[in-house]
Amino acid sequence: PRYGVLPRPCRALVLLNPQSGAGRALEDFQAVVQPMLAEADIATTVFVTERPHHAHEKVRDEDLSQWDTLVVMAGDGLLYEVVNGLMERLDWEDTMKKPLCILPGGSGNALAASINHYAGNDHVAKKKLLTNCTFILCKGLHTQMDLVSLSTASGKRLFSFLGFGWGFISDVDIDSEKYRRLGNARFTLGTLQCLAKLRVYQGRLSYLPAVPEQDTSPAPKDPHVPITNGQAGHRVWLSAGSRGPTGNSSIPLPGEPGASWSSATGPCPGDCLGADY
Ligand SMILES: Nc1ncnc2c1ncn2[C@@H]1O[C@H](COP(=O)(O)OP(=O)(O)OP(=O)(O)O)[C@@H](O)[C@H]1O
């Protein structure tokens, strides 16, 4: 992969959700992150979100030329808002080149944990994970990341990183909101509750089977896939309706399922699909 380096001095816009995780993101930012960034000559302007969708609107409308990087001090949910806010802009091809950083302040922090792992660090959580991720930001090395394009049956176009959930996994996330103060443990409690009252959904899942690992020939590039920096990725199509997607029409849609796709239709408790790019 190609790497870039943040300039020094560096101007960072920090989008911080004070309700993330168990509600300690602002305190942790001031106590752990800010002193490290000051040493690394990274100047921060903190934007504290006041409600859902606030970060989405902020990055969609912001003059981004004044920032060298956008830092999300929150969970994966706020980063999702930021990515989708950037992708809604007409200048998305340029804005998506702006380095993004995730500092774990949420309950799950899946992307932060993944980056920590691929940076060669031991598996850690909480303050240690925050320190590791802040140190990665201090070093300023960044590279490209793939996104998954999702079109829902109700007509929405979404962009996802790491994975997306439907049915059971999403139910656990949503239903466990009321246990937010428990931190990560909210997911264990939510899973047990959702298992006890298992709901079933109708849907069709279509996907392109993965190319076997021993096949070393390069995967063909599809010109319709807007954002990819690696091989042509796995395609997944989840459908339950017929309306076409809406959203930023300047972003081309990937092709619809064809003959080489596999699909499964019927009732199921839902699924969680990972993007292993
Ligand atoms: N001030 C706020 N009050 C309530 N909700 C907010 C506020 N600011 C942002 N949000 C919403 O909270 C949602 C969840 O936040 P976030 O992802 O930061 O934390 P989390 O859910 O604890 O962590 P994770 O996503 O890693 O499990 C965001 O998607 C966002 O829409």
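Residues numbered from 1 in each chain as written. Predicted model: local features only at pLDDT ≥ 70, side-chain atom pairs only at ≥ 80, totals over all residues. Heavy atoms only, no water.

**Quick word on the overall build of the protein**
To keep it simple, the criterion reads: Where helices and strands are cited, they refer to DSSP runs of H or I of at least four residues and of E of at least two residues respectively, numbered from the N terminus. Accessibility throughout is a Shrake-Rupley quantity obtained with a 1.4 Å probe, and a residue counts as covered only by protein chains that appear here.
Helix and strand counts for the protein come out as 8 helices and 13 strands. On the protein, roughly 15700 Å² of surface is accessible, and the fraction owed to carbon and sulfur atoms is 55%.

**With respect to the nonpolar core**
Quick reminder of the rule: Definition of nonpolar core: a set of buried residues of the types Ala, Val, Leu, Ile, Met, Phe, Trp, Tyr and Cys, connected through side-chain atoms within 4.5 Å. In this scheme, a residue with accessible area under 20% of its type's maximum is buried, one over 50% is exposed, and one in between is partly exposed, where area comes from a 1.4 Å probe on protein chains only. Where each domain starts and ends comes from a domain assignment, either automatic or drawn from a database.
Membership of the largest hydrophobic core comes to 45 residues, with the highest contact counts inside it found for Leu15, Val33, Met73, Leu103 and Leu137. Structurally, this core is a two-domain feature, drawing no fewer than three residues from each of domain 1 (3-143) and domain 2 (150-170 + 199-274).

**Side note on unusual backbone geometry**
With an omega of -10°, the peptide bond between arginine 8 and proline 9 qualifies as cis. Assignment of secondary structure puts proline 9 in the loop between strand 1 (3-5) and strand 2 (10-16). With a phi angle near 80°, histidine 53 is a residue other than glycine that sits in the positive phi range. Looking at the element boundaries, histidine 53 is found in the loop between strand 3 (42-48) and helix 2 (54-61). Positive phi values are uncommon outside glycine, yet leucine 162 reaches one of about 70°. Tracing the sequence through the fold places leucine 162 in the loop between strand 8 (157-160) and strand 9 (163-167). Among the residues examined, leucine 162 registers a relative accessible area of 32% and is labelled partly exposed.

**Concerning the site of the ligand**
Put simply, the rule is: For this purpose, a residue is taken to be near a molecule or strand whenever a single non-hydrogen atom of the residue falls within 4 Å of it. We define a polar contact as two N or O atoms separated by no more than 3.5 Å, with the added condition that, inside protein, one atom must be a possible hydrogen donor and the other a possible acceptor, whereas residues neighbouring each other in sequence contribute only through side-chain atom pairs. Under the scheme applied here, ten amino acids are nonpolar (Ala, Val, Leu, Ile, Met, Phe, Trp, Tyr, Cys and Pro), four are charged (Asp, Glu, Lys and Arg), and all others, including Gly, are polar.
Within the structure, the ligand sits among 22 residues, and Ser20, Thr49, Glu81, Ser107 and Arg180 are positioned closest to it. In this structure, arginine 51 approaches the ligand through a main-chain N or O atom, which is 3.5 Å from a nitrogen atom. Between the ligand and the protein, one listed contact pairs an oxygen atom with a backbone N or O atom of glycine 75 at 2.9 Å. The protein chains hide 81% of the 640 Å² of surface that the ligand would expose on its own. For the shell around the ligand, the elements supplying multiple residues, two or more each, are helix 3 (76-87) and helix 8 (185-196). Classifying every residue of the shell around the ligand by side-chain character gives 4 nonpolar, 12 polar and 6 charged.

**With respect to the pairing of strand 2**
For clarity, the threshold we go by: Two strands make a pair as long as DSSP finds a minimum of two bridges between them. By the criterion used throughout, a crossover qualifies as right-handed when its path from the first strand across the helix to the second strand runs clockwise, the strands pointing away from the viewer.
The element strand 2 is extensively covered by neighbouring structure, given that 6 of its 7 residues are classed as buried. Pairing between strand 2 and strand 3: 7 bridges, direction parallel. Bridged to alanine 12 within strand 3 is threonine 44. The parallel pair strand 2 and strand 3, bridged by helix 1 (residues 25-39), forms a crossover whose chirality is right-handed. As paired strands, strand 2 and strand 4 (residues 69-74) are joined by 5 bridges and run parallel to one another.

**Focus on a nonpolar patch on the surface**
Using the following cut-off: Grouping into patches uses exposed residues only, defined as over 30% relative accessible area, and leaves out salt-bridged ones; the cut-off is 9 Å for like charges and 5 Å for nonpolar side chains (Val, Leu, Ile, Met, Phe, Trp, Tyr). By definition here, a salt bridge exists when the distance from a side-chain nitrogen of Lys or Arg to a carboxyl oxygen of Asp or Glu is within 4 Å.
A contiguous nonpolar surface patch, about 340 Å² in accessible area, is contributed by Tyr3, Val5 and Leu141. For leucine 141, a relative accessible area of 52% puts it in the exposed group.

**Side note on the pattern of salt bridges**
Side chains that differ in sign of charge can pair as their charged atoms come close. A complete count under the given rule lists 13 salt bridges for this structure. For arginine 89, the salt bridge is made with aspartate 91, and the minimal N-O distance between the two is 2.9 Å. In this structure, the salt-bridge partner of lysine 97 is aspartate 94, at a minimum N-O distance of 3.9 Å. Each member of the pair, lysine 97 together with aspartate 94, is exposed. When salt bridges that share partners are traced, they join Asp171, Asp175, Lys197 and Arg199 into one network.

**Description of the sheet that holds strand 5 (residues 100-104)**
Put simply, the test is: For helices, the fitted axis covers only the stretch in contact; all axes are lines through C-alpha atoms, and the angles between them, taken along N-to-C directions, range from 0 to 180 degrees. Residue contacts follow a heavy-atom distance rule, with two residues in contact if any of their heavy atoms lie within 4.5 Å.
Across the sheet, which stays open at both edges, the 4 strands sit in the order 3-2-4-5 with parallel pairing between neighbours. One side of each edge strand has no neighbouring strand; the edge strands of this open sheet are strand 3 and strand 5. Sheet twist, expressed as the average angle between the axes of neighbouring strands with direction ignored, equals 25°. On the sheet, helix 2 packs against strand 2, strand 3 and strand 4 and is oriented at approximately 150° with respect to strand 2.

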